[in-house]
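Descriptive analysis of the structure
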Amino acid sequence: VQLQASGGGLVQAGGYLRLSCAASGRTFSSYTMGWFRQAPGKEREFVAAISWSGGRTHYADSVKGRFTVSRDNAKKIAYLQMNNLKPEDTAVYYCAADEDSIHLSTRDTVYDYWGQGTKVTVSS
């Protein structure tokens, strides 16, 4: 499967953005989808994950209550709605797909396919 992330940009603190991850291939609906981010000079970190059906989600503590992950299997798109953005959310955001449809992993090494990343900059 190929993934294409989009929706990043420059936003003021307190603002919002919605990232999209469009997938190609026929098996999107069977994958766990994850979102990760990498800030300058830092390691890539887990942000959120959603099960194949959308029925289960998991978030990093740093974004819980502000970010919402969702998916539309018919359109083959995963979303990350980011509200009340903070300067520390500034990073390149990546979507990823995991063929394991059972677990919602927070480890980036588990994911099988990656998008190219979309940059989010939050100004103070």
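Residues numbered from 1 in each chain as written. Predicted model: local features only at pLDDT ≥ 70, side-chain atom pairs only at ≥ 80, totals over all residues. Heavy atoms only, no water.

A few words on the overall build of the chain. Secondary structure summary: the chain contains zero helices and eleven strands in total. Sequence-ordered secondary structure for the chain, helices as α and strands as β, is β-β-β-β-β-β-β-β-β-β-β. In terms of its C-alpha atoms, the chain occupies a principal-axis envelope of roughly 40 × 25 × 25 Å. Residues counted as buried form 43% of the 124 residues belonging to the chain. Considering only contacts in the chain between residues 6 or more positions apart, those separated by 24 or more positions represent 59%. Counting every atom, the chain has about 6400 Å² of accessible surface; 47% of that belongs to carbon and sulfur. Of note, the chain has its 14 positive side-chain charges centred 6 Å away from the centre of its 11 negative side-chain charges. (Helix = DSSP H or I, 4+ residues; strand = E, 2+ residues; numbered from the N terminus. Buried < 20%, exposed > 50% of the residue type's maximum accessible area, 1.4 Å probe, protein only. Contact = heavy atoms within 4.5 Å. Areas by Shrake-Rupley, 256 points an atom, 1.4 Å probe, with all protein chains shown as cover. Lys, Arg positive; Asp, Glu negative; His and termini not counted. Charge placed at Lys NZ, Arg CZ, Asp CG, Glu CD.)

Attention now moves to the packing of aromatic side chains. For the structure shown, the criterion picks out six aromatic pairs. With centroids separated by 5.7 Å and ring planes inclined at 75 degrees, the aromatic side chains of F36 and F46 adopt a geometry described as edge-to-face. Linking F36 in strand 4 (residues 32-38) with F46 in strand 5 (residues 45-50), this pair joins segments that are ten residues apart in sequence. Just as F36 is buried, F46 falls in that class too. Taking the centre distance of 6.3 Å and the plane angle of 65 degrees together, the rings of Y111 and W114 count as edge-to-face. We classify Y111 as buried; its relative accessible area is 5%. Among the residues examined, W114 registers a relative accessible area of 26% and is labelled partly exposed. A cation over a ring is seen here: R44 above W114, with NZ or CZ 3.9 Å from the ring centre. The ring of F28 carries the charged tip of R71 above its face, separated from the ring centre by 4.6 Å. (Phe/Tyr/Trp six-rings, centres within 6.5 Å; stacked < 30°, edge-to-face > 60°. Lys NZ or Arg CZ within 6 Å of the ring centre and 35° of its normal.)

All we've got here are geometric facts, nothing functional implied.
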